[in-house]
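# Chains, contacts and geometry: an overview
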Amino acid sequence: MPELGKYAAEVLTAYGASIVLMTVLVLASIRAARKARKELEAAEARRDDR
Amino acid sequence: MIALLTRDLKLATRAGGGFGLGLAFFLIVVILVPFSVGPESGLLSDIAPGVLWLGALLACLLSLDRILALDWEDGTLDLVATSPLPLEGVVTIKALAHWLTTGLPMVIAAPLFGLLLNLPQPGYFWLVLSLAIGTPALSVVGTFGAALTVGLKRGGLLLSLLVLPLYVPTLIFGAELARRGADGQATTTPLLMLAGITFGVIALLPFASALVLRVNLR
Amino acid sequence: MASIWEYANPVKFSKTASAVLPWVTVLAAVTLATGLVWGFFFTPDDFRQGSTVKIIYIHVPAAMMAINIWAMMLVTSLIWLIRRHHVSVLAAKGAASVGVVMTLIALITGAVWGQPMWGTWWVWDPRLTSFLILFLFYLGYLALWEAIDDPDTAADLTSVLCIVGSVFAILSRYAVNFWNQGLHQGASVMRAGAVTGTDTEEKVSNVFFYPLLLCMIGFVLLFVALVFLRTRTEIHKRRTSALLARERLS
């Protein structure tokens, strides 16, 4: 850890909040992508069965 | 077009048409402000121009979904759209009718409400002028918002969210003009900017409103 | 060189996106991690601002992305309205969610930074105010997408909103500047003199600049990866609903 001095709380809050927000965004995107792909594959499989 | 305008005005002024609702809301805001910030007359006269502008803007926002929603529900809008009248003209008339029923009464009533808030003497002229120039922009922008959300079941909240940031420039310059007028400062820049925004909006936004209305009627 | 419009074909776009996505993702992760670690661990403190300068490595790139993403949405919305390419408008939709998060990050880090430096979380400074307005624009845009069922209607309406909103966003920027002069320093990163070191006033020195540049590139790459991913997601969703509609008919 670098020496953050008296502003440690602020710097860590800023980094923490940003990283959390970005992680949420990335995970949400990946999850939506997986779900969309699965549903599409299911729909395509049903079409091919017929 | 004149027929459409008179029809809209008649509908609005009839009982239950919502005429006066905006004005009443404006009055409520103005009356409640002294209760919430305290009766000190110096403070009130400082914030009077801003409060009056804010009241006018909120009252305007309140009445926006009436511009097109009723005509949408009873199918009038489809009829008007198939008539030879250009849709750009229709939305302009709608905005004009909205301004005549909400904006204009507020402009006329504003000096009276200014008295309640202890508005400084030189401020009255500038307050009325800024509202007279600024409120048409509020009506036109509001019509655009109403055209965007007309097909939605509960578009009221969304309409407010969409229109809110679009109102910011008008509010800033309008309130600034009224404030500077009340303080006796130079008023040329905000006056020109406010007038510029209003005229620009009146000239261009009806095309966007007509475009989205056409999409919604598809 | 193939025409760029070929990528307007959803299938072609999906294929390219799938091929490119892993590379961009890895590249984004590497640049972003390097930039942030470099900035966080290996840069000195500013003699006036102490360790709070480290916030710059997130704050500035996020703010830059917040504005540029809206500009990108403006372009793709125009392309949709003029040439009716579905991929274009879906990219705008995918970008908006990234944009709203970037704006939020810029606002939060700005507030956390402003607290020790200016002694307040929030001031009605022109830049802060503009970002708040931009945040409202993003929210309105996304809310409109969510509210409308028919995808083409939603695409048309949000595109028009994006274009009208852009005009008003610029107007607001000037209005807000006029309204309050503010505490924020002027643009100090991308000013030519500041980079070459010829102007001495409020420049960001090279010690801070290189990791910052890396972070900016990292944010851009992250954005590109997310837009590819989200656009492909939207394309998949569209195709699923088309298939479902056909199932119901048959």
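Each chain has its residues counted from 1, running along the sequence as written. As a convention, the first chain written is A and the first ligand written is 1, with the rest following in written order. Note on the predicted model: pLDDT of at least 70 is required for a residue's local features to be given, and 80 or more for side-chain atom pairs to be given and counted; whole-chain, interface and lining totals, by contrast, use all residues. The side-chain quantities take in all heavy atoms of the structure and omit both hydrogens and water.

### Considerations on the nonpolar core
Take the buried Ala, Val, Leu, Ile, Met, Phe, Trp, Tyr and Cys residues and link them wherever side-chain atoms come within 4.5 Å; each set so joined is a nonpolar core. Exposure is judged per residue with a 1.4 Å probe applied to protein chains only, and the accessible area is read against the type maximum: over 50% gives exposed, under 20% gives buried, and values in between give partly exposed. Membership of the largest hydrophobic core comes to 147 residues, with the highest contact counts inside it found for B:F144, B:Y167, C:I69, C:M73 and C:M102. With 16 residues, the top contributor of residues to this core is helix α3 (residues 86–118) of chain C. Whether two residues touch is decided by their heavy atoms; if any such pair falls within 4.5 Å, the residues are in contact. If near-sequence neighbours (up to four positions away) are discounted, C:M102 is found in contact with A:M22, C:A62, C:M65, C:A66, C:I69, C:F219 and C:L222. Helix numbers and strand numbers start at the N terminus; a helix is a DSSP run of H or I with at least 4 residues, a strand a run of E with at least 2.

### A look at the interface of chain C and chain A
Taken together, the contact between chain C and chain A spans 41 residues of the former and 31 residues of the latter. Here the quantity called buried area is the total loss of accessible area, with a 1.4 Å probe, experienced by two parts when brought into contact, counted for both. Between chain C and chain A, the buried area comes to about 3000 Å², and carbon and sulfur atoms account for 75% of it. A per-residue breakdown of the area chain C buries against chain A is headed by C:F40, C:L243 and C:E247, which together make up 18% of the total. We define a salt bridge as a side-chain nitrogen of Lys or Arg found within 4 Å of a carboxyl oxygen belonging to Asp or Glu. Taken together, the links from chain C to chain A amount to two salt bridges. For the purposes of these results, a polar contact is taken to be a pair of N or O atoms within 3.5 Å, where, inside protein, one atom must be able to donate a hydrogen and its partner to accept one; residues adjacent in sequence count only when each atom of the pair is a side-chain atom. Joining chain C to chain A, the criterion identifies three residue pairs in polar contact (both at pLDDT 80 or more). For the side of chain C that touches chain A, the secondary-structure elements that each account for two or more residues are α1 (10–41), α2 (56–83), α3 and α7 (206–249) of chain C. Top element by residues in the side of chain C that touches chain A is α7(C). It accounts for 15 residues. Residues that form the side of chain C that touches chain A fall into these classes: 21 nonpolar, twelve polar and eight charged. Asp, Glu, Lys and Arg are counted as charged, while Ala, Val, Leu, Ile, Met, Phe, Trp, Tyr, Cys and Pro are counted as nonpolar; the rest, among them Gly, fall into the polar class.

### Quick notes on the interface of chain B and chain C
At the interface, 27 residues of chain B touch 26 residues of chain C. Carbon and sulfur atoms supply 86% of the area that chain B and chain C bury against each other, a total of about 2200 Å² over both sides. Taken together, the links from chain B to chain C amount to zero salt bridges. Applying the counting criterion to the chain B and chain C interface returns zero residue pairs in polar contact (both at pLDDT 80 or more). Taken together, the elements giving at least two residues each to the side of chain B that touches chain C come down to α7 (123–149), α8 (156–183) and α9 (188–217) of chain B. Here the side of chain B that touches chain C takes twelve residues from α8(B), the largest share from any one element. Across the side of chain B that touches chain C, the residue classes break down as 22 nonpolar, two polar and three charged.

### Overview of the environment of C:G99
All names here are of chain C. With respect to the element layout, G99 can be found in helix α3. Overall, G99 belongs to the buried group, its relative accessible area being 0%. Sequence separation of G99 and A62 is 37 residues, and the distance between their C-alpha atoms is 8.9 Å. Beyond its immediate chain neighbours, meaning those up to four positions away, G99 contacts I69 and Y138.

### Section: the confidence of the model for chain B
What pLDDT reports is the predictor's confidence in each residue, on a scale of 0 through 100. Summing up the model confidence of chain B, the mean pLDDT is 87 and the portion of residues at 70 or higher is 97%. No element of chain B has a lower mean pLDDT than helix α1 (residues 2–13) of chain B, at 76, and none a higher one than α7(B), at 92.

### What to know about α3(C)
A helix is expected to span 1.5 Å for every residue after the first. Over its 33 residues, α3(C) runs 46 Å from end to end, which matches the ideal 48 Å to within 8%, given 1.5 Å per residue. Looking one or two residues beyond α3(C), the residue adopting positive phi is C:G119, at roughly 80°.

### Thoughts on the confidence of the model for chain C
All names here are of chain C. Looking at chain C, the pLDDT average stands at 84 and 88% of residues meet or exceed 70. Ranking the elements of chain C by mean pLDDT puts helix α6 (residues 192–196) last with 40 and α2 first with 92. Taken together, the stretch residues 190–201 has pLDDT below 50 and engages in 14 contacts with residues farther than four places along the chain or on a different chain. Listed scores for the predicted complex are pTM 0.88 and ipTM 0.87.

### Quick word on the arrangement of the chains
Looking at the two pairs of chains with contacts, the pair that accumulates the most is chains A and C. Chain A shows no contact with chain B. Their nearest C-alpha atoms sit 23 Å apart.

### Topic: helix α2 (residues 21–37) of chain B
Residues and elements named next belong to chain B. Compared with an ideal rise of 1.5 Å per residue, which puts 17 residues at 24 Å, α2 spans 24 Å between its outermost C-alpha atoms and is within 8% of the ideal. Restricting attention to buried positions, one finds in α2 the residues G22, F26, V29, V30, V33 and P34. Tucked inside the fold, the buried residues of α2 contact α3 (41–62) and α6 (87–116). Positive phi shows up at G38, right after α2, with a value of about 100°.

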